[in-house]
Amino acid sequence: MRPAPDAAALQVRAVTAADLPAIAALHTEARAAYHRGRFPDMPFDVVAERARRHDAWLRDLDRGDTPALCAARHGTVVGAASYRHRGDHHRPAVTLHQLHVDPHHWGTGVGRALHGACLRAWRTAGFSRAVLDVLWHNHRARAFYTGLGWRPDPDRRPAPDATHLTLMLDLVAPAAPGAPAPDRAGR
């Protein structure tokens with residue numbers, strides 16, 4: 001049984017270059033954990049994979065159009081998220097590009113805290129809709145997003161090879177159960 005998380009000790013903030021090694025490690029570990037169910041004999045948590053994750057996050061930070069957040073508990077990075085603008089002027093949308101939590105911290109509120117911080121940023125920026133791609137076989141992630149109000153995107157069919165599913169979230173609709181709700185002043 002997991003110990004109760006110290007919610008006050010969880011801080012969500014912008015990612016810095018100093019966070020990249022920790023983010024690459026937790027991203028690699030998270031990918032290994034959800035891929036093992038489908039590919040039990042594949043070595044996902046290897047040095048080369050951590051290097052690939054590090055380089056991918058570094059590219060995102062260098063882009064300038066991909067805000068990245070991390071969640072730290074007692075000074076240790078335990079989760080990370082990034083997103084990008086998508087869509088046109090008539091229907092502004094944002095893509096949740098990454099959201100990963102260290103598997104040792106699954107179920108402790110880290111993912112919800114990152115998601116909530118993203119929602120606040122998206123609404124503040126005026127986005128009306130968010131989209132993400134989730135691996136079809138990652139049932140844990142699909143349940144997480146469904147619980148936060150994400151639904152299959154009616155404009156996008158599942159991948160022809162059924163490897164992933166595109167989900168969408170209406171950002172102008174009332175918040176889903178468990179999602180941060182606007183305060184009475186509408187903020």
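No experiment lies behind these values; they were computed from the predicted model shown. (Residues numbered from 1 in each chain as written. Predicted model: local features only at pLDDT ≥ 70, side-chain atom pairs only at ≥ 80, totals over all residues. Heavy atoms only, no water.)

Draft legend 1. Spatial organisation of the overall build of the protein chain. For the protein chain, the count of helices and strands is four helices and seven strands. Walking the protein chain from its N terminus toward its C terminus, one meets helices and strands in the order β-α-α-β-β-β-α-β-α-β-β. The buried share of the protein chain, taken over its 187 residues, is 43%. For the protein chain, contacts bridging at least 24 residues in sequence account for 63% of all contacts bridging at least 6. Approximately 10,400 Å² of the protein chain is accessible, and the part contributed by carbon and sulfur atoms is 56%. (Helix = DSSP H or I, 4+ residues; strand = E, 2+ residues; numbered from the N terminus. Buried < 20%, exposed > 50% of the residue type's maximum accessible area, 1.4 Å probe, protein only. Contact = heavy atoms within 4.5 Å. Areas by Shrake-Rupley, 256 points an atom, 1.4 Å probe, with all protein chains shown as cover.)

Draft legend 2. Fine view of the packing of aromatic side chains. Overall, the coordinates contain four aromatic pairs when judged by the stated rule. Ring centres of Trp 122 and Trp 150 lie 6.4 Å apart, and the angle between their planes is 85 degrees; this geometry places the pair in the edge-to-face category. Here Trp 150 lies in the loop between helix H4 (139-147) and strand E6 (151-152) and Trp 122 lies in helix H3 (residues 110-125), a separation of 28 residues in the sequence. Taking relative accessible area as the criterion, Trp 122 reaches 0% and is therefore assigned buried. Residue classification places Trp 150 among the buried positions, given a relative accessible area of 1%. A ring pair is formed by Tyr 145 and Trp 150, whose centres lie 5.8 Å apart and whose planes are at 70 degrees; its orientation type is edge-to-face. (Phe/Tyr/Trp six-rings, centres within 6.5 Å; stacked < 30°, edge-to-face > 60°.)

Draft legend 3. Summary view of the pattern of salt bridges. Considering all chains together, one arrives at four salt bridges under this definition. Where Arg 84 meets Asp 60, a salt bridge forms, and the shortest distance between an N and an O atom there is 2.5 Å. Residue Arg 84 is found in strand E3 (residues 76-87), and its partner Asp 60 is found in helix H2 (residues 47-63); the two are separated by 24 residues along the sequence. Taken as a pair, Arg 84 and Asp 60 share a single burial class, namely buried. Note that Arg 63 and Asp 65 form a salt bridge whose closest N and O atoms lie 2.8 Å from each other. Since its relative accessible area comes to 44%, Arg 63 is described here as partly exposed. (Salt bridge = Lys/Arg side-chain N within 4 Å of Asp/Glu carboxyl O.)

Draft legend 4. The arrangement of the pairing of strand E7 (residues 164-170) in detail. Burial analysis of E7 places five of its seven residues in the buried class, which makes it a mostly covered element. Here strand E5 (residues 129-135) runs beside E7; their pairing, made up of seven bridges, is antiparallel. The partner of Ala 130 across the bridge, within E7, is Leu 169. Where E6 meets E7, two bridges bridge the pair, whose relative direction is antiparallel. Among the inter-strand pairings, Pro 152 is bridged to a residue of E7, identified as Leu 167. (Pairing = 2+ DSSP bridges.)

Draft legend 5. View of H3. The end-to-end C-alpha separation of H3 is 23 Å, in line with the 22 Å expected for 16 residues at 1.5 Å each. Residues of H3 that are buried: Val 110, Gly 111, Leu 114, His 115, Gly 116, Ala 117, Cys 118, Leu 119 and Trp 122. Just beyond H3, the residue with positive phi is Gly 126, at close to 90 degrees. (Expected span 1.5 Å × (residues − 1).)

Draft legend 6. Local environment of the nonpolar core. Among the nonpolar cores identified, the biggest contains 30 residues, and Leu 96, Trp 122, Tyr 145, Trp 150 and Leu 171 are the most heavily contacted of them. Of all the secondary structure elements, the ones that give two or more residues to this core are strand E2 (68-73), E3, strand E4 (92-101), H3, E5, H4 and E7. Element by element, the count of residues in this core is highest for H3, at six residues. Setting aside residues up to four positions removed in sequence, Trp 122 forms contacts with Tyr 83, Val 94, Leu 96, Phe 127, Ala 130, Trp 150 and Leu 171. Ranked by size, the runner-up nonpolar core spans nine residues in total, among them Val 15, Leu 20, Val 77 and Ala 80. (Core = buried A, V, L, I, M, F, W, Y, C linked by side-chain atoms within 4.5 Å.)

Draft legend 7. Broad picture of the confidence of the model for the protein chain. Looking at the protein chain, pLDDT values average 81 and 75% of them are 70 or higher. Note on residues 181-187: pLDDT under 50 across the span, and two contacts to partners over four residues away in sequence or across chains. (pLDDT = per-residue confidence, 0-100.)

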